Structure formats: structure tokens, C-alpha cells
Amino acid sequence: MSGGNAGRAVIDVLRAEQVRYVFGIVGGTFLDVLDALYDDKSVEYVNVRHEQGAAFMADGLARVTGLPGACLVTSGPGATNLLTGIAAAYVAHSPVVAIVGGVSLDHYGKDAFQEFDLINIFKPVTKLSIQVTRPERIVEDLRSAFRAAMTGRRGPVFVEIPRDVLNNQTVKAAELTPDRYRATHPLLPHPDAIREAARLVNRAERPLLLVGGGVNWAEANELLVRLADQAALPMITAYGRNDVVPGSHPLYIGPLGRAGSPEAAAACRRPDVLLVIGSRLGQFTAHFDDRYIKPETRIVQIDVHGRDIGRYYPVALGIEADAREACRALLDTLGKDDLSEARRAWRREAETFRAQRQARLAAEAKLATLPLKPQRVYAELRRVLPPDTIVTLDAGAAPAYGYDRLAFAHPRTFLTPLDLGGLGFAFPEALGAKLGRPDAPVLAIHGDGGFLMNSQELETAVRHHVNVVTLVMNNNCWGSEKAYQKHFYGERYIGCDIGNPRYDHFARLFGAEGYYAEHPDQVADAMRAAFACGKPAIVEVPIDPEEFPIPVTAVRPTGPGTAAAAPRRVAR
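So, a few notes on the structure that sits alongside this text. Residue positions within a chain follow its written sequence, with the count starting from 1. Given that this is a predicted model, residues contribute local features only at a pLDDT of at least 70 and side-chain atom pairs are listed and counted only at 80 or more, while totals for whole chains, interfaces and linings are drawn from all residues. Think of the side-chain values as coming from all heavy atoms in the structure, minus any hydrogens and water.

**Considering the overall build of the protein**
- To qualify as a helix, a DSSP run of H or I must reach at least 4 residues; to qualify as a strand, a run of E must reach at least 2; elements of each kind are numbered from the N terminus. Of the regular secondary structure elements, the protein holds 23 helices and 20 strands.
- Its C-alpha radius of gyration of 24 Å places the protein within 12% of the 25 Å reference for a compact globule of 572 residues.
- For the protein, the C-alpha atoms occupy an extent of roughly 75 × 60 × 40 Å along the three principal directions.
- In the protein, the proportion of contacts linking residues at least 24 apart, taken out of those at least 6 apart, comes to 76%.
- Per-residue accessibility takes into account occlusion by the displayed protein chains alone, with areas from the Shrake-Rupley method and a 1.4 Å probe. Carbon and sulfur atoms make up 52% of the accessible area of the protein, which amounts to about 22,400 Å² in all.
- Separation of charge centres in the protein, based on 65 positive and 66 negative side chains, amounts to 5 Å. Within these notes, the globule rule equals 2.2 Å times the number of residues to the 0.38 power, and the radius of gyration is based on C-alpha atoms. What makes two residues a contact is simply this: any of their non-hydrogen atoms within 4.5 Å. By the counting scheme adopted, Arg and Lys are positive, Glu and Asp are negative, and His together with the chain ends is not counted. One atom stands in for each charge, and that atom is NZ of Lys, CZ of Arg, CG of Asp or CD of Glu.

Listed below in C-alpha cells is the structure:
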């Protein structure tokens, strides 16, 4: 049992959880915590320029390392500014711990300065939202927060510590490692369920693997690829989860979902058994209708959280289990591919889908129109990016092309806003990713609209020497919305067109480096120079202002069985 300053106790818990960086803006409600860092460099406080950026950075670090990210900000607007970034962590099941120094307890309920009901504000976007009410509970409640963030399906948590509970307080707490206060062994699948899953897959003529982010969080990637190889299972990935399997694997067809691969969509309409591992089959993966997943398809769904098994599509079998343990059990139970004629024909069909996608992408590398098509920009990126590059992709029209056009070789290298759909995500997310994995090249991909939402963090990157590269594809508009007005409103454009600075010049104003590429043969050279310059860098590429992804509702099938609600199906 040790005793000491409450601020020191907070740092001790963070260090025990392997938190190396804490993101935020200095505030008077938690100065005892910052003071503890003056003589202790084991945890670094990364002081940012907007709290939303702090939350995105913590999320980016957590996603690429699997360790908890942390924010520390002040009350009132300091806390509410975190909300969008914490929502990003929530949809990504990312373990971010948001700590807020709150107003004094004796001021609560008096409409005091910066007094808001933060606990209820954050509840919808966290696994746990709590207030510490006594100094002696600080360590206990922080450990509860980390336990919630790091167990089961992971996710963000919110902890408010009022300033009179934190400052000038002495606390006593036993020094414990995390394995002393939370489970460390994953949830095993039931043996009977695994046997039934193996039976369904072995009897299938056209089995297909659909894999999601749960595979990354469980670190099941290698086992999953072995499973696909052993049973000759073609693979597609869920929305925004392209990095779960190597893009070069011969059984990988492509990414499913909004802005995904049409070849993956075609493949998803074909299986008689769909083996879903680590995906909840959410809206932007499957759209809650039968455009991809047909009513007659038998689904085996494996997820760490039973809430989402069969939630959107009835299943033939649901298994609540850790993805890694489920893959390991299936490897021990599934036989090798029986090489039946039906399975050989399915393998050839899957290979055709994959080849069609590769041919389509290769043809886009020949697009020579100016301004550049975003498809051609992505072709140049595939040519120049090192295989270990971490890519953070913003929301918006120009980044949307990347879902089907970027190749990944390693897990935890593709970070997207997912169901948040938040602009301004990619750049601060990239900063957190770079701090989490400093040896990896990190690229943020933005449209011009989204980049300016958090571009102030360029100063943070320069000051803290976080050398990420940002690609800004500039079409001077809000492209996703302009696409809808183009397709559905007869090109009656309102509120879509915007103006921009030259972003290479913008970068230099902050002490970063800037590059400008307007011809196809300039893109790769600019990217190489940006990665080699030893500074944060921006590469601006002007793109065709008339080129937009087709809105998802414009390609939605019509006719019986395609209602917006989940289709009527019978699980068998």
C-alpha cells in the first residue's frame, strides 16, 4: 500500500496500463496531474490545439497498438469538444479513456461556471461514464474504467474527477498490474457450436468468409488466413476493414460495403454459407437489406458480443466468442477442402472475381485526364507507398474512393471513421497512430473540406515532431453532398462549393513542408519527398471537380425483398 498525491496516483494508473502519451489541453481543474509529470517523463502530455484532435489522436494510437489511448482535459467546453472523437472510438470499439477535471462537487446543481451533466452527455458514446466522488475512489474508479475499456468488445470510457476531489488530496492505493483487476483470457467458443459451424462449412458448396474488425482486435489475422487456406475459403472484408487480411492473398476478393468493391459485392450474393468472423454486419457493410446478403444464405456469425449476433440478419448459427479462439478451434475441427467439383467451381469463380477487380484497378492507372481523377491518384499511391504504411482515411467524396483502391499487407494499418462518418478525422488520427508506431510511415488522406476541420493540429505535429504525411485532394467542394445534388436534384447546387488556400503554402506557414502535384507523374515523386523530408508534410493534388462516387442510394436495388429494414428471412 502506497500513499501520495492524487495527481501522482492518476499517473501511476496510466503507467500501469502502458499509457505513454496523454492528449489534451492544459486546464486549471487537473493541474495536480500535470505537476506530477514535471519530474516524471514516463508519460508525456501532448498538448494539442483543440480537444477534438486530442480524442482522435488517442483513438488513432489505440487502434494501431491495441493499447489504451488517453485524453485529459478540463471541464465544460474542454470536455464537450472531445465528444466527436470519443464517438469515433465508440464505433471502432477502440479503448480510449477520457479523463476530465470537473467543477467542484460543492458547486454541482448550481449552474456553476462550466457545469454540465457530462456523465449523461457521454453515456451514449461510451461503455462506461462515471464521476469520482471521493479521493479514495480515484484509483479504484480509474481501474474500473480501464477494465471496461479493455475487456469484451473494447470501447471508450469517460471519467470525471471534480477538482476538489483531485487537487491537494492524498490517496492510498495498492500498486497492482492490470491482470490483478481484469480478465486477461479471451472468451472461448462452445465446442458444440464449433462442431456445428464446421459441419455447415464442410457441407457447403460455396462457402465465403466475411471478416471484420474483431479479427484485428483479437489479433487473429494469421489464424484467419490459415483457416482460409486450410478450407479453401474465399474472403471478403467488412466496411473499412481492408487491413484484416493481406490484400495480396489469392483468396482475397476485396472489400464489401459502401464504396467497396463491386466484385466483393457480387461474390457476397453467391454463397450458400457465409462465415462471418468479427463483424456485426452493420449498415455500411451490408445495408440492412438483401442487396449483398441473400435471404437463402445460411449465416454463421462469430462475434465477441452477443448483442449483435443475428441483430440485422437471422443466423443459422451464432457463436459468442473471441475471434482468435474461434479461428483456432475451427482450425482444429474443420477438414481440409474436399476438392469436390462444386467447391473447385466456386474457387474458380472467386478467382475470377479477384482477377476482375485487379484488372479494373490496373485500367484506372492509365487515366490521364486533367485535373486528375481520384482513381488515378490512388493508383499512384499503390505504386509508391511502402507495404507497412498506416493509412488514415477521412470521410468525404475523394477519400471514399480509397476504400476499394488501397492495398494493405499488415493488420492495424487502415483507420477510417466507420459509422461515424466524421470529417476532420484523418489528420489527428494519423498523429496518434504515428506516436503509437513511430517506425511506420503514416499517411492521412483528406479532401479539402475535411482537412480544414482539424488543420490546426499541424502546429501540434510540428512542435512535437510527429512526422506524418497528409494528402489533400482538392476539388473545392463538399463532394459527397454535391454528388447527391447532382444525381437527385438536377445539379441545383446549394452550399456545396468552397474555397481553399494552396495547401503546400499553408504547410510552410506552420513550419511543415509542402508539395503540389497536378500531373500523374508528379504524385509519386511528391509522396517520396514528403516521407523523406523529416518534417510533417502536406501534398496537395487538385482533382476533377466533376468526379464523385455514385451515392449509395442511387445504386440501391429495387423490387421485392429490398426494403430498408432487414429482409424477412428464415434461419435454418
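**Comments concerning the pairing of strand β3 (residues 44-47)**
- Note: strand β2 (residues 21-24) against β3, four bridges, orientation parallel. For valine 22, the partnering residue across the bridge sits in β3 and is tyrosine 45.
- Orienting the strands away from the viewer, one traces the path from the first strand over the helix to the second; a clockwise path indicates a right-handed crossover. Each parallel crossover has a hand, and for β2 linked through helix α2 (residues 31-36) to β3 it is right-handed. Only strands joined by at least two bridges in the DSSP assignment are considered to pair.

**Some remarks on the pairing of strand β15 (residues 390-393)**
- Where burial is concerned, the two faces of β15 agree: the one with Ile390 and Thr392 and the one with Val391 and Leu393 are both buried.
- In terms of strand pairing, β15 meets strand β17 (residues 442-447) through four bridges, oriented parallel. Across the sheet, the residue bridging to isoleucine 390 is valine 442, located in β17.
- Relative to strand β16 (residues 414-415), β15 runs parallel, the two being bridged by two bridges. Residue pairing across strands places threonine 392 opposite leucine 415, the latter belonging to β16. When a residue's accessible area, from a 1.4 Å probe over protein chains only, is under 20% of the maximum for its type it is buried; when over 50% it is exposed; and in between it is partly exposed.

**Thoughts on helix α23 (residues 520-532)**
- Turning to α23, its buried residues number three or more, namely Pro520, Val523, Ala524, Ala526, Met527 and Ala530. Along the long axis of α23, the arc covered by the buried residues comes to 165°, so they all point the same way. What points out from α23, more than 90 degrees from its buried face, is the exposed set Asp521 and Ala532.
- Packed against the buried residues of α23 are α16 (374-384), β17, β18 (469-474), β19 (513-516) and β20 (537-542).
- Looking one or two places after α23, you find glycine 534, whose phi comes out positive at around 75°. Directions pointing from the helix axis toward each C-beta atom define the arc.

**Concerning the packing of α16 against α23**
- At a closest axis distance of 9 Å, the pairing of α16 and α23 adopts a crossing angle of 45°. Classified by the angle between their axes, α16 and α23 sit oblique to one another. In this structure, the crossing between α16 and α23 has a hand that is right-handed. Within the contact between the two elements, α16 uses Arg376, Glu380, Leu381, Arg383 and Val384 and α23 uses Pro520, Val523, Ala524, Met527 and Arg528.
- Looking at the contact of α16 with α23 residue by residue, the classes come out as six nonpolar, no polar and four charged. Between N-to-C directions, angles span 0 to 180 degrees; the directions come from axes that are lines fitted to C-alpha atoms, helices contributing only their stretch in contact. The scheme is simple: roughly parallel for angles under 35 degrees, roughly antiparallel for over 145, roughly perpendicular for 65 to 115, oblique for anything else. Left-handed describes a crossing whose near helix is turned anticlockwise from the far helix by less than a right angle; the clockwise case is right-handed. We call Asp, Glu, Lys and Arg charged. Ala, Val, Leu, Ile, Met, Phe, Trp, Tyr, Cys and Pro are nonpolar, and the rest, Gly among them, are polar.

**Re the sheet that holds strand β11 (residues 252-255)**
- Across the sheet, which stays open at both edges, the six strands sit in the order β11-β10-β9-β12-β13-β14 with parallel pairing between neighbours. Here the strands that pair on one side only, and so sit at the sheet edges, are β11 and β14 (317-320). The mean inter-strand angle of the sheet, taken between neighbouring strand axes irrespective of direction, is 15°.
- Note that strand β10 (residues 235-237) and β11 share three bridges and pair parallel. Residue isoleucine 236 lies in a different strand from β11, and its bridge partner there is glycine 254.
- Set on the sheet, helix α15 (residues 341-364) makes contact with β9 (207-211) and β11; between it and β11 the angle comes to about 50°.

**Re the side chain of aspartate 40**
- Relative to the assigned elements, aspartate 40 resides in the loop between α2 and β3.
- A residue is classified by how much of its surface remains accessible, and aspartate 40, at 11% relative accessible area, is buried.
- Between N or O atoms, a polar contact is any pair within 3.5 Å; within protein, one atom must be a potential hydrogen donor and the other a potential acceptor, and residues adjacent in sequence are included only when both atoms are from side chains. Within the structure, the side chain of aspartate 40 is placed 2.5 Å from the side chain of arginine 15, a separation counted as a polar contact.
- A distance of 2.6 Å separates the side chain of aspartate 40 from the side chain of serine 42, its partner in a polar contact.
- Residues in contact with aspartate 40, not counting those within four places in the same chain, are Arg8, Ile11 and Arg15.

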